[in-house]
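Below, each chain spelled out in residue letters.
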Amino acid sequence: MYQVFALKYGERDTTKCQFFYRESSHDTLTLDYFVWLILGGPQPLLVDTGFRDDDARARGIRNYVSPAAMVERAGVKPGDIPISLITHLHYDHWAGHSLFPNAEFWIQGEEVAFAHLTTLNYGNKIRIVEGDHEVWPGIRVHRVGGHTAGLQIVSVETRRGTVVLTSDASHFYHNVETRQPVQIITSLPEMLTAFDTIDRLAGSTKLVVAGHDPQVSERFKPVEPGIIKIA
Ligand SMILES: [Zn+2]
């Protein structure tokens, strides 16, 4: 069976009104930045790549630690990651791809087309996925769109139940739990349907891991600073 870890590599403050759809509150909202590591399969598998220190400096990220260093702290050499499932092509999920030199990056075709990513630039390192796809038995990607054209989420079967890594289909628990979208949208209907998909995949055990929510560290068990065991 698989084990799933959220690895936190930075944080940044914004305000609720800048982030949530039709929200008037100016309260501070802290975003945590994560990559997610899946162990217990034939090889370790990473979800997203995070970004490098140049982006961290340019964007004023607090407490930045390289995602590669976090993967190493979790016991895996960055060069030993054979596959990274890229949820979407925003910088905080994809810009760190060079940190994982031997990974193949699995991205939805619609995301690649929408972001005008030239796959030629990456040699044979990008694998295009169309729609829902089983990566290994019990690990699946699900195209949901909404936030970006080809956003995909990841479900993982574990001993405790199905873990759902929502990435930016639900930045915060507040999104999926109150059905409140975020401001950055390519398709509002798809974003709302994605909330239903998250709930359906998670079932009654509710092992939902929101994409940027500091509450992930409270709802699940940090085994050491920045390393949160989901299941
Ligand atoms: Zn994000």
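Residues numbered from 1 in each chain as written. Predicted model: local features only at pLDDT ≥ 70, side-chain atom pairs only at ≥ 80, totals over all residues. Heavy atoms only, no water.

**Details of the overall build of the chain**
The number of helices and strands found in the chain is eight helices and 13 strands. Computed over C-alpha atoms, the radius of gyration of the chain comes to 16 Å, within 12% of the 17 Å expected from 2.2 N^0.38 for 231 residues, which places it in the range of a compact globule. Reported as C-alpha extents along the three principal axes, the dimensions of the chain are approximately 45 × 40 × 35 Å. By residue count, 55% of the 231 residues in the chain fall in the buried class. Considering only contacts in the chain between residues 6 or more positions apart, those separated by 24 or more positions represent 61%. (Helix = DSSP H or I, 4+ residues; strand = E, 2+ residues; numbered from the N terminus. Rg over C-alpha atoms; globule rule 2.2 N^0.38 Å. Buried < 20%, exposed > 50% of the residue type's maximum accessible area, 1.4 Å probe, protein only. Contact = heavy atoms within 4.5 Å.)

**Looking at the sheet that holds strand E3 (residues 45–47)**
Spatially, eight strands are ordered E6-E5-E4-E3-E2-E1-E13-E12 in an open sheet, and the strand pairing comes out mixed. Both edges of this open sheet fall to strand E6 (126–129) and strand E12 (221–224), since each of them pairs with a single strand only. Each strand axis lies, on average, 30° off the axis of its neighbour in the sheet, ignoring direction. Bridge count for strand E2 (residues 28–39) against E3 is three bridges, and the pairing is antiparallel. Residue pairing in the sheet places Trp 36 in a bridge with Val 47 of E3. (Pairing = 2+ DSSP bridges. Axes fitted to C-alpha atoms, helices over the stretch in contact; angles between N-to-C directions.)

**A short note on the pairing of E6**
Relative to E6, strand E5 (residues 104–108) is paired through four bridges, and the arrangement is parallel. When the bridges of E6 are listed, Ile 107 appears paired with Ile 128. Each parallel crossover has a hand, and the one from E5 via helix H5 (residues 109–114) to E6 is right-handed. (Right-handed = clockwise from strand over helix to strand, strands pointing away.)

**A closer look at the coordination of the zinc ion**
Those protein atoms acting as donors to the zinc ion are Asp 92 (OD), His 93 (NE2), Asp 168 (OD) and His 212 (NE2), and they sit at 2.0 to 2.3 Å. Sequence positions of the donors to the zinc ion reduce to the motif D-H-x74-D-x43-H. Remark: Asp 168 occurs in the loop between strand E10 (161–167) and helix H6 (173–178) and His 93 occurs in helix H4 (residues 91–94); sequence separation between them is 75 residues. Like Asp 168, His 93 is buried. (Donors = N, O, S within 2.8 Å, 3.2 Å for Na, K, Ca; no water.)

**Regarding the pairing of strand E1 (residues 3–15)**
In terms of strand pairing, E1 meets E2 through 12 bridges, oriented antiparallel. Paired with Leu 7 across the strands is Val 35, a residue of E2. Summarising the sheet, E1 and strand E13 (residues 227–229) pair through three bridges and their orientation is antiparallel. If you follow Ala 6 over to E13, its bridge partner there is Ile 228.

**Brief notes about unusual backbone geometry**
Although it is not a glycine, Asn 63 adopts a positive phi angle of roughly 50°. Mapped onto the secondary structure, Asn 63 falls in the loop between helix H2 (53–58) and helix H3 (67–73). What makes Asn 63 exposed here is its relative accessible area of 58%. One non-glycine residue, Arg 179, lies in positive phi territory at about 60°. Along the chain, Arg 179 turns up in the loop between H6 and helix H7 (188–202).

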